[in-house]
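# Tertiary structure, described
Given next are the chains, with one letter for each unit.
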Amino acid sequence: MTDHAVSTWVESAQGSDFPIQNLPLGIFSVGERRRRAGVAIGDFVLDLVGIVDLLDEEWRDDLSQPVLNAWLARGHEAQRALRERLAELLSDEQYRDDVEPELIGQTEVRMHLPCVVGDYSDFYVGIHHATNVGKQFRPDNPLLPNYKYVPIGYHGRASSVRVSGEPVIRPNGQRKAPDADAPEYGPSRRLDYELELGIWIGEGNELGSPIPVAEAAEHIAGYCLLNDWSARDIQAWEYQPLGPFLAKNFLTSVSPWVVSPQALAPFRRPMPPRSAADPEPLPYLDDAADRQSGALAIQLQVTLTTERMRRQGVAPHVLSRGSAEAAMYWSAAQIVAHHTANGCNLQPGDLIGTGTLSTESDSGLGSLLEISRGGRQPIALPTGETRSFLEDGDEITLRAWCDGEGAVRIGLGECVGRVAATS
Ligand code: CA
C-alpha cells in the first residue's frame, strides 16, 4: 500500500516531509482540547480519534489515549496494519468525504511528547564525533580502547525530555576555568547542542531477558530527531569519574513525530565497513541481516538564527549538513541489544539517543564544540556576529530527511530550541 507508486488526495503531501509513504504518528492538541493521536500528512494532522470508526475496533482503546505508549507496545504487526489502513483511507477517493473533515492544519495544532518517557538513555555511537572530541583531550589517541567493543552510553533523565519548541533555559552550574584554582557557580558560558537521532522503544522486554540483536529491530517503534543540549563548561568539571550529569539533564528536545521503521525501510543501507584493524563485534552484537541493512541513510542539517539575524530578516545560517549513514559505528539494533544484554528491561515509550552524529568531513559536524574547535575558532555569521557557543536568543533547528533512487522523499520534521537567559 505504501510503495512509491501510491499517492494521496491530500495535495500538500506531494514533496513535503510527510507524503503518504511516511505517515508518522504524534500527539497533538487544539486549543484547550484533550491531547490525542494524529498522523502527519502534508500540511495536516489527521485526527485518529476523529476517524476511529474507520479503524479496526480492536485498536480503538489504544489509539484513543493521550500518549502512544500502549499503541507502540503492540509492536510491528499492528503498526504495519494501521499504516496500510491509513494509506487506504488517504488514497482511495471513496473515503475522502469521511476523512477530509478530520484533517487539521499543522499550524493550528500544538504538538506534545508522543509518549510518557519512562527512561531515557544516551549513547555515543557517532564515531567521528567521538574521535573529534577525543582529539581535543588526547590528540594521539582520541578513542579509548573500549570504543570499538562497547556501544558506550549513559543513563539520561526522562523528566527533562521535552518536545521541540520548549525554551532552552541557560543552566547554572559549577564551572572551572583551566587556570583557575577553584570553580565558580553561575550561568553556563559554553552552552552547546548535539545533533542526534532518537529511538522510540515499542515492545519492551522482561527484566532478566535480553533482546537478541537479531530481534532488536522489532522492538524499535520509530525514530525522531533529538537535541542533547550540553553545557560544556559544567560537563568538563563534573564528568569524572561518573560521566555526564547536570551538564546534560537540564533539557533534551525531540521532534514530535514518530517515524516508523516501515517508512524508513527504503533508506536502510549496509553498515559501513569496519577497517581491517578494528575488532569484529562480539557475537551478541553481530547479526548478518543487521550488517546488511543496519545503517540509515538519513540526511541531517543544523541551522542557527540569532536574535539579530531574525531582526534583520537574515536567512538561517547552516552550521552543518551531514548524514547518519556513515556516522554510526553501532546500529540501532546493536544499541538495543547492548542496552538489554545484562537483562536491563526496556519499556514501551523509552527513549534512546544515538549520540552526536558528525560526518568525517568538517561540513557535517554535529556540535559547536567540534565546529569551533573547543571554542578556539569562532564561526562568523552574516550579521558580523561570531559564535563559539550559544548566546541567549540563539535558535537551533535540527532537520532530517531521506531521499534515494526509487523512493519517495520523506522527512522527520524539525527539532527546534531557542536559548533563554538563566531564570
Ligand atoms: Ca549526547
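Here's what I pulled together on the structure shown here. Here the structure is a predicted model, which is why all the values come from computation and not from measurement.

Among the 8 residues that make up strand β14 (residues 220-227), 8 are buried, leaving the element largely enclosed by the rest of the structure. Bridge count between β14 and strand β16 (residues 252-254): 2 bridges; the pairing is antiparallel. Each residue of the ladder has a partner; that of Asn227, found in β16, is Ser253.

The biggest cluster of nonpolar side chains holds 64 residues, and the ones touching the most others in it are Ile298, Leu300, Leu319 and Ile396. A per-element tally of this core places helix α11 (residues 332-340) first, with 5 residues. Ignoring sequence-local partners within four residues, the contact set of Leu319 consists of Tyr193, Val302, Thr303, Leu304, Ser363, Leu368, Ile371, Ile379 and Ile396. With 43 residues, the next largest nonpolar core counts Val6, Val10, Ile20 and Ala221 among its residues.

For the rest of this paragraph, the subject is helix α3 (residues 76-91). A rise of 1.5 Å per residue sets the reference length of α3, with its 16 residues, at 22 Å; its end C-alpha atoms lie 22 Å apart and thus fit the reference within 8%. What α3 keeps buried is the set His76, Ala78, Gln79, Leu82, Arg83, Arg85, Leu86, Ala87, Leu89 and Leu90.

Take the pattern of salt bridges next. Applying the stated rule across the entire model yields 24 salt bridges. Between Arg409 and Asp17 there is a salt bridge, with the nearest N and O atoms lying 3.0 Å from each other. One end of the pair, Arg409, is in strand β25 (residues 407-420); the other, Asp17, is in the segment before β1 (25-29), with 392 residues separating them in the sequence. Classification of Arg409 by relative accessible area gives partly exposed; the value is 30%. With a relative accessible area of 21%, Asp17 lands in the partly exposed category. Between Arg85 and Glu88 there is a salt bridge whose closest N-O contact spans 3.1 Å. Of this pair, Arg85 and Glu88 both sit in helix α3, separated by 3 residues, roughly a single helical turn. Overall, Arg85 belongs to the buried group, its relative accessible area being 19%. One salt-bridge network, held together by shared partners, links Asp192, Glu194, Asp228, Arg232 and Lys248.

We now examine the packing of aromatic side chains. A full pass over the atoms with the stated rule returns 5 aromatic pairs. With 5.4 Å between their ring centres and 85° between their planes, Tyr329 and Trp330 make a pair best called edge-to-face. Cluster of aromatic residues (ring-pair linked, three or more members): Tyr124, Tyr147, Tyr329 and Trp330. Arg85 extends its terminal NZ or CZ atom over the ring of Tyr95, reaching a point 4.9 Å from the ring centre. Above the face of the Trp330 ring, Arg274 is positioned so that its terminal group lies 4.5 Å from the ring centre.

What follows concerns the sheet that holds strand β5 (residues 110-112). Strand pairing in a sheet relies on backbone hydrogen bonds, with the paired strands running either antiparallel or parallel. One open sheet accounts for 5 strands, arranged β4-β3-β2-β1-β5; its pairing is antiparallel. Here the strands that pair on one side only, and so sit at the sheet edges, are β4 (103-105) and β5. Taking each pair of neighbouring strands and ignoring which way they run, the sheet shows an average axis angle of 50°. As paired strands, β1 and strand β2 (residues 36-41) are joined by 4 bridges and run antiparallel to one another. Bridge pairing in β2 links Gly26 to Gly38.

Volume-wise, the largest pocket comes out at about 1,400 Å³. The wall of the largest pocket is formed by 47 residues, among which Val133, Phe137, Gln235, Ala236 and Tyr239 lie closest to the centre. Those elements giving two or more residues to the lining of the largest pocket turn out to be β6 (120-123), α5 (127-137), β7 (153-155) and α7 (232-238). Among the elements that make up the lining of the largest pocket, the one with the highest residue count is α5 (6 residues). The residue makeup of the lining of the largest pocket, split by class, is 23 nonpolar, 11 polar and 13 charged. When its volume is computed, the second largest pocket comes out at roughly 500 Å³. Around the second largest pocket sit 25 residues that line it, and Pro272, Pro273, Arg274, Ser275 and Tyr329 are the ones nearest its centre.

So, about the coordination of the calcium ion. Protein coordination at the calcium ion comes from Asp122 (OD), Glu194 (OE), Glu196 (OE) and Asp228 (OD), with a distance range of 2.2 to 2.4 Å. Of note, the donors binding the calcium ion are all from one chain and are spaced D-x71-E-x1-E-x31-D. Of this pair, Asp122 sits in strand β6 while Glu194 sits in the loop between β12 (191-192) and β13 (195-201), placing them 72 residues apart in sequence. Asp122 gets classed as buried once you look at its relative accessible area, which sits at 2%. The exposure class of Glu194 is buried, given its relative accessible area of 5%.

Cut-off values and rules
- Counting restarts for each chain: residues are numbered from 1 in the order of the written sequence.
- Reporting of local features is limited, given that this is a predicted model, to residues whose pLDDT is at least 70; pairs of side-chain atoms are given and counted only at 80 or more, and all residues count toward the totals for whole chains, interfaces and linings.
- Side-chain numbers here rest on the full set of heavy atoms in the structure, without hydrogens or water.
- Summary of the burial criterion: residues with accessible area below 20% of their type's maximum are buried, those above 50% are exposed, and those between are partly exposed, where the area comes from a 1.4 Å probe applied to protein chains only.
- In this text, helices come from DSSP runs of H or I with a minimum length of four residues, and strands from runs of E with a minimum of two, each type numbered from the N-terminal end.
- The pairing criterion for strands is at least two bridges between them, as found by DSSP.
- In these notes, a set of buried Ala, Val, Leu, Ile, Met, Phe, Trp, Tyr and Cys residues joined through side-chain atoms within 4.5 Å is what counts as a nonpolar core.
- Here a residue-residue contact requires only that any non-hydrogen atoms of the pair lie within 4.5 Å.
- In this analysis, the expected span of each helix is defined as 1.5 Å times one less than the number of residues it contains.
- Salt bridge, as used here: a side-chain nitrogen of Lys or Arg that lies within 4 Å of a carboxyl oxygen of Asp or Glu.
- When the centres of two rings from Phe, Tyr and Trp lie within 6.5 Å, Trp using its six-membered ring, the rings pair. Their planes under 30 degrees apart give stacked, over 60 give edge-to-face, and anything left gives tilted.
- As a reminder, the over-ring test applies to NZ of lysine and CZ of arginine, requiring each to be within 6 Å of the ring centre and within 35 degrees of the ring normal.
- Each axis is a line fitted through C-alpha atoms, taken for helices only over the stretch in contact, and angles between the N-to-C directions span 0 to 180 degrees.
- Space inside and on the surface of the protein is sampled on a 1 Å grid over the protein atoms alone, with a cavity defined as a set of points where a 1.4 Å probe fits but cannot get out and a pocket as an open set with protein on both sides within 12 Å along at least 5 of 7 lines; lining residues have an atom within 4 Å of a point.
- Grid points are joined across faces, edges and corners, and a volume is the space filled by probe spheres set on the points.
- Think of it as three bins: nonpolar holds Ala, Val, Leu, Ile, Met, Phe, Trp, Tyr, Cys and Pro, charged holds Asp, Glu, Lys and Arg, and polar takes everything else, Gly as well.
- As a rule, N, O and S atoms within 2.8 Å of a metal are its donors, except that Na, K and Ca use 3.2 Å; water is not among the atoms, so sites may look incomplete.

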